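Structural overview
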Amino acid sequence: MKRILSASMSIPATRASLERMQCMEVWGGNHCVERSFQTAGLDIWVWSRPYGQAVGGGDIHYLSSCASGRITRMLLADVSGHGEVVSQLAIGLRDLMRRNINYVKQVRFVRTMNKQFTEYAEKGCFATALVSTFFAPTKTFTLCSAGHHAPLIFHGSISQWSELKGEVVESHIVKDIPLGIVGDAYYDQHAVKLQAGDMVLSYSDAIIESKGEDGRQLGEAGILKLVRELDLQEPEPVIPAIVENITGLAGNNLKQDDATIMLCRVTGSGPSMRNNLLAPFRIFSSVKDRTSLD
């Protein structure tokens, strides 16, 4: 049976009110937020609630847009910790996002992020993470997972949600494990071509650890089933509907841990000619500013 939105649900603003990310901008952190953005080729929605109404939680989320606007990067890290240590990690991750903002390939970024987490290992900090990069000219979505569960993908052409998983390849190399466990771990990346209308949904552990009416954790299969039953093909109501349905299943759902959901929808638009022309100047300016700071 299909679930429907209740009349009391607060529906996010329409696409016309989405905030436009600027070229060379990095946005995010580990705070309570409910915002939506436009980049070249993508609309993005971010919803996050720290545990216990804290100022900052253990979920870290970031978005970035490159010098031309062609490269959009999204990061969701689920950190085993809270407080000042996580806030310091969030600041460090912002700097890494900025330093890698113009690189399409993201493996180097993830490996550097892993090394940064190993420095906090003695403080009990490690994290699962999803890093995804969207290249607007080819509509290529590249995913890199550090021990995180797979996101969900909605294929607009067939109106169907499924798990977005890369090909499983046997290997003796230590790879794709949570950040901070092994300093020289290797990370694969999986690329998929998307079309206008396709959506990708990622989320932190609190979502799959929520309990169903039978008292058992929903798990990845339960979340996929829930999203399919929502029968929503437009992006605006997706996150509010997920939150309402999960919290309606059990009173403590989404209250026992930090909770974050990120949704992006391919629009088919591309970077402007102006941003392409200005990109070299923006890159030169950022390098000059970073050199002066160093």
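This paragraph deals with the overall build of the protein chain. In terms of helices and strands, the protein chain carries six helices and 13 strands. By the burial criterion, 50% of the 294 residues in the protein chain qualify as buried. The long-range fraction of contacts in the protein chain, counting pairs at least 24 apart against all pairs at least 6 apart in sequence, stands at 70%. When the accessible area of the protein chain is evaluated, it comes to approximately 14,200 Å², of which 52% is carbon and sulfur surface.

Tracing the chain through its elements places Gln116 in helix 2 (residues 107-118). Placed 24 residues apart in sequence, Gln116 and Gly92 show a C-alpha to C-alpha distance of 8.1 Å. Leaving out residues up to four positions away in the same chain, Gln116 has contacts with Leu89, Gly92, Leu93 and Leu96.

Moving on, we come to the sheet that holds strand 4 (residues 42-49). With mixed pairing, the seven strands of this open sheet are ordered in space as 1-3-4-13-12-9-10. The open sheet has two free edges, formed respectively by strand 1 (19-20) and strand 10 (160-163), since each of these has just one partner strand. Examined bridge by bridge, strand 9 (residues 152-155) and strand 10 share four bridges and lie antiparallel to one another. Following the sheet pairing, Ile153 is matched in strand 10 by Ser162. Strand contacts of helix 4 (residues 219-230): strand 9, strand 10 and strand 12 (199-203), with the helix running at about 170 degrees to strand 10, the strand carrying the most contacts. Set on the sheet, helix 5 (residues 238-249) makes contact with strand 4, strand 12 and strand 13 (259-266); between it and strand 13 the angle comes to about 150 degrees.

One pass over the structure, following the stated rule, counts seven salt bridges. The salt bridge partner of Arg35 is Glu19, with a shortest N-O separation of 2.5 Å. Here the residue Arg35 occupies a position in strand 3 (residues 33-39), and Glu19 occupies one in strand 1, the gap between them amounting to 16 residues. Taking the relative accessible area as the measure of exposure, Glu19 reaches 33% and is therefore partly exposed. Linking Arg265 and Asp43 is a salt bridge whose minimum nitrogen-to-oxygen distance equals 3.4 Å.

Here we come to helix 2. Between the first and last C-alpha of helix 2 there are 17 Å, a value that for 12 residues agrees with the 16 Å anticipated at 1.5 Å per step. Restricting attention to buried positions, one finds in helix 2 the residues Val107, Phe109, Val110, Met113, Asn114, Gln116 and Phe117.

Let's shift gears to the environment of Asp188. Along the chain, Asp188 turns up in the loop between strand 10 and strand 11 (190-193). Of the residues examined, Asp188 reaches a relative accessible area of 27% and is grouped as partly exposed. Note: C-alpha distance between Asp188 and Val110 (78 residues apart in sequence) is 9.6 Å. If sequence neighbours within four positions are ignored, Asp188 has contacts with Leu143, Cys144, Ser145, Lys175 and Asp176.

Turning our eyes to something else, we now look at the pairing of strand 5 (residues 56-65). Most of strand 5 is tucked away: nine of the 10 residues are buried. Alignment of strand 2 (residues 26-31) against strand 5, held across five bridges, turns out to be antiparallel. Residue pairing in the sheet places Trp27 in a bridge with Leu63 of strand 5. As judged from the seven bridges shared by strand 5 and strand 6 (residues 71-79), these two strands associate in the antiparallel manner.

Residues other than glycine seldom take positive phi values, yet Met24 does so here, at roughly 70 degrees. Take Met24: it is sitting in the loop between strand 1 and strand 2.

Definitions and cut-offs
- Residues numbered from 1 in each chain as written.
- Predicted model: local features only at pLDDT ≥ 70, side-chain atom pairs only at ≥ 80, totals over all residues.
- Heavy atoms only, no water.
- Helix = DSSP H or I, 4+ residues; strand = E, 2+ residues; numbered from the N terminus.
- Buried < 20%, exposed > 50% of the residue type's maximum accessible area, 1.4 Å probe, protein only.
- Contact = heavy atoms within 4.5 Å.
- Areas by Shrake-Rupley, 256 points an atom, 1.4 Å probe, with all protein chains shown as cover.
- Pairing = 2+ DSSP bridges.
- Axes fitted to C-alpha atoms, helices over the stretch in contact; angles between N-to-C directions.
- Salt bridge = Lys/Arg side-chain N within 4 Å of Asp/Glu carboxyl O.
- Expected span 1.5 Å × (residues − 1).

Interpretation in functional terms is not warranted from these geometric data alone.
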